Amino acid sequence: VPVALKIRLQSLNLAADAHPELEGVELGLLVMVPVLRLLKLLRRFENSHLIKQAFREAVGALPSLLYCMMVLVVGFSAIIYVLEPRGNVETMPRAIWFTMVTLTT
């Protein structure tokens with residue numbers, strides 16, 4: 001009996017305590033196979049091809065966008081570090097973290 005079929009037959013109860021013999025790879029396969037099968041269905045929808053094409057075209061602009069974000073983070077974190085009292089922002093890495101969180105939300 002193939003291992004995947006054996007895992008599938010044993011997976012009636014997916015609680016972690018129910019199958020202590022399942023380890024990393026087997027458990028990962030048990031979780032990922034249904035997701036990958038659903039992703040396989042995307043090939044049949046025309047809109048998924050349009051989204052994939054849009055992502056391919058947008059990847060070229062990604063390095064310049066990341067560079068701009070890095071410049072903004074360093075600049076604003078330096079301003080925050082200088083202007084804020086030391087009780088609020090003690091170190092430069094905390095200022096960088098604060099700026100990253102603020103820019104990404």
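Structural data are supplied above this passage.
Residue indices follow the written sequence of each chain, beginning from 1 at its first position. With pLDDT at 70 or above as the cut-off, local features in this predicted model cover only qualifying residues; side-chain atom pairs require 80 or more to be listed or tallied, and sums for whole chains, interfaces and linings still use all residues. Hydrogens and water molecules were not included; the side-chain quantities draw on all heavy atoms of the structure.

Asks: Would you explain the overall build of the chain in this entry?
Replies: On a plain count of helices and strands, the chain comes out with five helices and zero strands. The numbering of helices and of strands both runs from the N terminus, where a helix is a DSSP run of H or I of at least 4 residues and a strand a run of E of at least 2. Counting helices and strands in the order they occur from the N terminus, the chain gives α-α-α-α-α. The buried label goes to any residue with under 20% of its type's maximum accessible area, the exposed label to any with over 50%, and the partly exposed label to all in between, with areas taken from a 1.4 Å probe on protein chains only. Looking at the chain residue by residue over its 105 residues, the buried ones come to 11%. Contacts are residue-level and defined by heavy atoms, with any inter-residue pair within 4.5 Å sufficient. Within the chain, counting contacts between residues at least 6 apart in sequence, those at least 24 apart form 18% of the total. Per-residue and other accessible areas follow the Shrake-Rupley method at a 1.4 Å probe size, with only the shown protein chains counted as cover for residues. For the chain, the accessible area works out to roughly 9100 Å², and carbon and sulfur atoms hold 70% of it.

Asks: When you look at the environment of Met 92 in this model, what are you seeing that I'm missing?
Replies: Residue placement: Met 92 occurs in helix α5 (residues 92–104). Considered as a pair, Met 92 and Val 74 are 18 residues apart in the sequence and their alpha carbons are 9.6 Å apart.

Asks: Hey, could you run me through the pattern of salt bridges in this one?
Replies: When their charged atoms lie close together, side chains carrying opposite charge are able to pair. Here, a salt bridge means any Lys or Arg side-chain nitrogen found within 4 Å of an Asp or Glu carboxyl oxygen. If you walk through the whole model with that rule in mind, you get one salt bridge. With a closest N to O distance of 3.4 Å, Glu 90 and Arg 94 form a salt bridge. Using a relative accessible area of 52% as the deciding quantity, one classes Arg 94 as exposed.

Asks: Is there a simple way to think about the packing of aromatic side chains in this case?
Replies: Aromatic rings considered in pairs are described by the distance between their centres and by the relative angle of their planes. Between 30 and 60 degrees the pair is tilted, below 30 it is stacked and above 60 it is edge-to-face, where a pair is any two Phe, Tyr or Trp rings, Trp via its six-membered ring, whose centres lie within 6.5 Å. In this structure the tally under the stated criterion is zero aromatic pairs. Above the ring of Tyr 81, the side-chain terminus of Arg 86 is found at 4.1 Å from the ring centroid. Only when the NZ atom of a Lys or the CZ atom of an Arg is both within 6 Å of the ring centre and within 35 degrees of the ring normal do we say a charge sits over the ring.

Fair warning: the whole summary comes from geometry, so function is off the table for now.
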